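Per-entry structural report
Residues per chain are reported as follows:
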Amino acid sequence: MTEVDPSNQKCGSKKTVSFSSMPSEKKISSASDCISFMQAGCELKKVRPSARIYNRFFTLDPDLQALRWEPSKKDFEKAKLDISAVKEIRLGKNTETFRNNGLADQISEDCAFSIIHGANYDSLDLVANSADVANIWVSGLRYLVSRSKQPLDLIEGSQNTPRFAWLRSVFEEADIDGNGIMLEDTAVELIKRLNPALKESKIRLKFKEIQRSKEKLTTRVTKEEFCEAYTELCTRPDVYFLLVQISKNKECLDANDLMLFLEAEQGVLHITEEMCLDIIRRYEFSEEGQLKGFLAIDGFTQYLLSPECDIFDPEHRKVVQDMTQPLSHYYINASHNTYLVEDQVRGPADINGYVRALKMGCRSIELDVCDGPDNEPIICNRNSMISPITFRCAIEVINKLAFVSSEYPLILCLGNHCSVRQQNVMVQQMKKVFGNKLHIETPLSSDVYLPSPEKLKRKIIIKGKKLPYGQDLLEGEVTDEDEEAEISRRMSEESLEEPKTTWLCKGLSDMVSICKSVKFIGFERSMKSQNYWEICSFSESVANKISNEYPEDFVNYNKKFLSRIYPSAMRIDSSNLNPQDFWNCGCQIVAMNYQTPGPMMDLYTGWFLQNGRCGYVLRPSVMREEVSYFSANTKGIVPGASPQVLHVKIISGQNFPKPKGACAKGDVIDPYVCIEIHGIPADCAEQRTKTVQQNSDNPIFDESFEFQINLPELAMIRFVVLDDDYIGDEFIGQYTCPLECLQPGYRHVPLRSFVGDIMEHVTLFVHVAITNRSGGGKAQKRSLGVRIGKKTRDYTMLRNIGLKTIDEIFKAAVQPLEEAMDMRDNVQNAIVSVKEFCGLPPITSLKQCILTLSSRLVNSDNVPSVALNMKDNFPYLEPLGTLTDVQKKVLATYDLMIQESKVLIETADAIHDKIVQCQKTGMEFHEELHDLGTKEGLKGRKLSKAIESFAWNITVLKGQGDLLKNAKNEALENMKQIQLACSSCGLSRPGSADVKSKRSLEAIEEKEAGEENGRL
């Protein structure tokens, strides 16, 4: 809880936000608290356009009519700003002064705010000592501006709000005797019922503080004390500031406020007033609020904590990806040494290993089978041979749980160390237990790729060795290249020794269909002679070497064949490898030691949360298409992918537990948050917040971060909360999620423990936004006010192949590619200009922009000075009279955005067709590319480079074509949203505006649908 003590403030002294719980301090839980703080005053930094920054002490007049500061060269009456002159309050560095100040980079976005005032929209730009103090000033000033024409007693009446009426009714209902007093135990139990996350000790301490301040000592609680304790304990300042901001400076949300919040901030589509009223009815605590349709602070807090505001997109809780692609096009959830629940040296075999893995969505599990007593095959740890489990018991459990978490195929990786006799027993047992679930069909040589997960639904696939085709043998020798062979070679340092052989019976061989284990013999030979149904296993060290030296070849190999990666034999503690290193090269089956928790397992389980946790995740298209270029080691933009910027604000934490095993500091923790981005190397990054001292209940961080993401489809975000300790920072909780599954807006992140369990009531409160990065060239770190001009723009260049005929084809694509990138950038730059002019950050929605613009485009009588005019189905704004210079600038910026969008929408298809035609013409040479290169004298590395450049060019053309098509669709959607926003802001002409607007929307939709059908 943010706490401030205005009584301690003196002229010229710095005011900071305290996080202790001393009873003398006042908590910010209402507008009147903000105003009291402002009247007491505090030091703020005043930023000037000249790049100079001054420390000034700001106060609010007792009559709430003016803001004053000192010292100042102006006389006392001039060093002030009348509240009546204030137009708007902006949080963040969102004015020209901030954007152009040379020291702006040293100023925290969350501590900066600006007061826009006067007819010319001048700005008073200020920086607070902390984000909390900035929020207090912004909330208080917004409240004053919105209430400037109302009686001042409204500001004083915090005890007469619906919230207090509800609290009094809750107290009275529990006060059986009706004496207006109750036992402290009863009051504690009542508050715990209203807010289960609160600790009993904290509630009792709060009652003692309140009573001590009144110089009384009793075990009974009055109605007023109950209301005061609940308000101070349960009002989260971060949520309160947000509520005031989105409710247009009220202290509750009506259905319209909630609708705008859900549309513009939370990214919810097709929201209606009735849906908002339903949310209010379900989450509002007070009966009055439910009947009148408003959401107060407690209901709003409850809603933000509900599953509806979870950071994970609920769409991804079900299967949403195309499951009809070949099996080799998916990442597959896989377990290593599944039968172990401890380390791989001493750990016994345990049936619970299979139970855990299958319940967690594993689709590839391992069975190391040896000869057992009484002709009964067993599964055991061959390093210890203790506590084995029977093969029959294991497969019965597998059969029972195989398709509980997912109906997609389950791969059983058989480590066969049995005699032929017991192999035959295994065959009979599997046939009996699995029955027709076994996939034993002989693969067709006419096919080129593996069947799809959809086609193999509820099938069990055996991975193992197979007898040579065409030899009618009951048993035979096969080479043994399994993990144990790898281990024994490492232990004996005889890596050049001939692989040993083992005997295999025909029955077990026949059970292996599309996952025949073979030894990897190099990319060139594999691409020529390996069959699509054959799978290679790579040790971690070998896979690391290949992925570092031949990343492009590994990706191309994995388009057709399955690769299985298993941990190094040296990981005797069963620690885990980093799966991302191998996912980046397209490796499908990266086997993990499920029994070992930690950061690598967090990444793994987080990645497979997507696609309904079905255990299969479709790889990015650039890693699947036959002719495409991708290298995990790319330093910048990935051809064919749309780069993005991830904006994350860590606002606060809730109910952090003491780290397990921590004892040095008692119950006190000093938390901070790390944000990690995992993906291709160019995207990997880590940033952290400041440390909040001695606060585990509701630490306020209020820090914003930006991450450049080149390949969003492979990126993950991991939030880690740690306790800052001089001995060593200790783990508190974490949450990992694919970037594609993040919901935008204000979200709570449910933190998990070290072993992956969800911790009740332990959350992070964050704001998330993902924006496009302007320009098609390299990632450029730039301020919000700097746009990419045409002269400085870096284009994604096509490569020279060295074959004149093909180079001429690609040369024809250079101009349309540049035009496509220019149009996309011009639209993005125009939108950024509108947002900057409105004083809004780039993460703002266009609907919020129009709301801000509409407030600027009114005359002195508060009547709109422009009207919506649908010209050629585009939402232009037409002046209704004389405009001020500021309004003319606003309109010119808006018109440029509409004009650039119009150019894109009207010319995108023609340019897209040129790009696609070049791509198609180039693809006609794909089959004969090798022969053409040989004829031209290219060989060896030069020929390989020519083939690689060809794939790069095709990927660029397809990617840029898709980006242009998406940009057009986005521009069409923007036009619709702008038109709807203009109508809802009252900018439509009276009378026929609604009918005309409806016709225009329909025309845009019909045009969009007609063009799409024509192209199909």
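Residues numbered from 1 in each chain as written. Predicted model: local features only at pLDDT ≥ 70, side-chain atom pairs only at ≥ 80, totals over all residues. Heavy atoms only, no water.

1. Some thoughts on the overall build of the chain
For the chain, the helix and strand inventory stands at 30 helices and 36 strands. By the burial criterion, 56% of the 1016 residues in the chain qualify as buried. Taking contacts inside the chain between residues at least 6 apart in sequence as the whole, the part at least 24 apart equals 69%. (Helix = DSSP H or I, 4+ residues; strand = E, 2+ residues; numbered from the N terminus. Buried < 20%, exposed > 50% of the residue type's maximum accessible area, 1.4 Å probe, protein only. Contact = heavy atoms within 4.5 Å.)

2. Focus on the sheet that holds strand S3 (residues 42-47)
Ordered in space as S6-S5-S4-S3-S9-S8-S7, the seven strands form an open sheet in which the pairing is antiparallel. Strands with a single pairing partner mark the edges of an open sheet, and in this sheet they are strand S6 (80-82) and strand S7 (86-91). Each adjacent strand pair in this sheet contributes to an overall mean axis angle of 30°, direction not counted. In the sheet, S7 pairs with strand S8 (residues 112-117) via five bridges, with the strands oriented antiparallel. In the strand pairing of S8, Glu88 is matched with Ile116. Contacting S3, strand S4 (53-60), strand S5 (66-70), S7 and S8, helix H3 (residues 131-146) crosses the sheet at an angle of about 155° to S7. (Pairing = 2+ DSSP bridges. Axes fitted to C-alpha atoms, helices over the stretch in contact; angles between N-to-C directions.)

3. Thoughts on helix H14 (residues 352-359)
Burial in H14 covers these residues: Gly353, Tyr354, Ala357 and Leu358. What you see down the axis of H14 is that its buried residues fit within an arc of 120°, all on one side. Packing partners of the buried residues in H14 comprise strand S14 (330-335), strand S15 (364-370), strand S16 (378-379), strand S17 (389-390), helix H15 (391-401) and strand S18 (410-417). With its phi angle positive at about 90°, Gly361 sits one or two positions after the end of H14. (Arc of directions from axis to C-beta.)

4. Focus on the packing of helix H25 (residues 814-837) against helix H26 (residues 846-856)
As a packed pair, H25 and H26 sit with axes 10 Å apart at the nearest point and diverge in direction by 50°. In terms of orientation, H25 lies oblique with respect to H26. Note that H25 runs across H26; the crossing there is left-handed. Of the residues in H26, those in contact with Ile831, Val834, Lys835 and Phe837 of H25 are Leu846, Cys849, Leu853 and Arg856. Per-class residue counts for the contact of H25 with H26 are six nonpolar, no polar and two charged. (Parallel < 35°, antiparallel > 145°, perpendicular 65-115°, else oblique. Left-handed = near helix turned anticlockwise from the far one by under 90°. Nonpolar A, V, L, I, M, F, W, Y, C, P; charged D, E, K, R; others polar.)

5. Here we look at the environment of Val433
With respect to the element layout, Val433 can be found in helix H16 (residues 420-434). Discounting residues that sit within four places of it in the chain, Val433 has contacts with Ile395, Glu396 and Asn399.

6. Some remarks on the packing of H14 against H15
Two elements in contact, H14 and H15, have axes separated by 10 Å at closest approach and are oriented at 20°. The angle between H14 and H15 places the two elements in the roughly parallel class. Of the two elements, H14 crosses H15, and the hand of that crossing is right-handed. For the pair formed by H14 and H15, the contact residues are Tyr354, Val355 and Leu358 on the first element and Ala394, Val397, Ile398 and Leu401 on the second. Per-class residue counts for the contact of H14 with H15 are seven nonpolar, no polar and no charged.

7. Describing the packing of aromatic side chains
Enumeration over the complete set of coordinates arrives at 31 aromatic pairs. Measuring from ring centre to ring centre gives 5.7 Å for Phe520 and Tyr557, while their planes differ by 80°; the resulting arrangement is edge-to-face. Residue Phe520 is found in the loop between strand S22 (512-518) and helix H19 (523-529), and its partner Tyr557 is found in helix H21 (residues 551-558); the two are separated by 37 residues along the sequence. Each member of the pair Phe520 and Tyr557 is classed as buried. Here the aromatic cluster, defined as three or more aromatic residues joined through ring pairs, consists of Phe520, Phe523, Phe538, Tyr550, Phe554, Tyr557 and Phe561. It is Arg688 that lies over the ring of Tyr672; its NZ or CZ is 3.7 Å from the centre. (Phe/Tyr/Trp six-rings, centres within 6.5 Å; stacked < 30°, edge-to-face > 60°. Lys NZ or Arg CZ within 6 Å of the ring centre and 35° of its normal.)

8. Looking at the side chain of His912
Within the element layout of this structure, His912 appears in helix H27 (residues 885-923). Exposure remark for His912: the relative accessible area of 9% places this residue in the buried category. At 3.5 Å, the side chain of His912 forms a polar contact with the backbone oxygen of Gly961. (Polar contact = N/O pair within 3.5 Å; in protein donor to acceptor, adjacent residues only side chain to side chain.)

9. With respect to the pairing of S4
Bridge count between S3 and S4: six bridges; the pairing is antiparallel. Bridge pairing links Cys42 to Phe58 in S4. Hairpin connection between S3 and S4: a loop of five residues separates the two successive antiparallel strands, and Ala51 in this loop has a positive phi of roughly 75°. Hairpin connection from S4 to S5: five residues lie between these consecutive antiparallel strands, with Leu64 at a positive phi of about 65°.

10. A short note on the side chain of Thr691
Note that Thr691 resides in the loop between strand S29 (685-688) and strand S30 (700-709). Judged by relative accessible area, Thr691 falls into the buried class, the value being 18%. Polar contacts involving the side chain of Thr691 include one to the side chain of Asp724, which spans 2.6 Å. If we ignore the near neighbours within four places in the chain, the residues touching Thr691 are Asp670, Pro671, Tyr672 and Asp724.

11. So, the pattern of salt bridges
Counted under the stated rule, the structure contains 44 salt bridges. With a closest N to O distance of 3.8 Å, Glu524 and Lys528 form a salt bridge. Highlighted residues: Glu524 and Lys528, both in helix H19, separated by four residues, approximately one helical turn. Comparing Glu524 with Lys528 shows no difference in burial state: the two are exposed. The salt bridge involving Glu540 is made with Arg571; its shortest N-O contact spans 2.7 Å. (Salt bridge = Lys/Arg side-chain N within 4 Å of Asp/Glu carboxyl O.)

12. Thoughts on the nonpolar core
Ranked by size, the top nonpolar core spans 100 residues in total, and within it Tyr354 and Leu367 carry the most contacts. Dropping the residues within four chain positions of it, Leu367 is found in contact with Tyr354, Ile379, Phe391, Ile395, Ile398, Leu412, Cys413, Leu414 and Gly415. Cys838, Val866, Ile905 and Ile954 belong to the second-largest nonpolar core, a separate cluster that totals 66 residues. (Core = buried A, V, L, I, M, F, W, Y, C linked by side-chain atoms within 4.5 Å.)

This is a description of form; function is not addressed.
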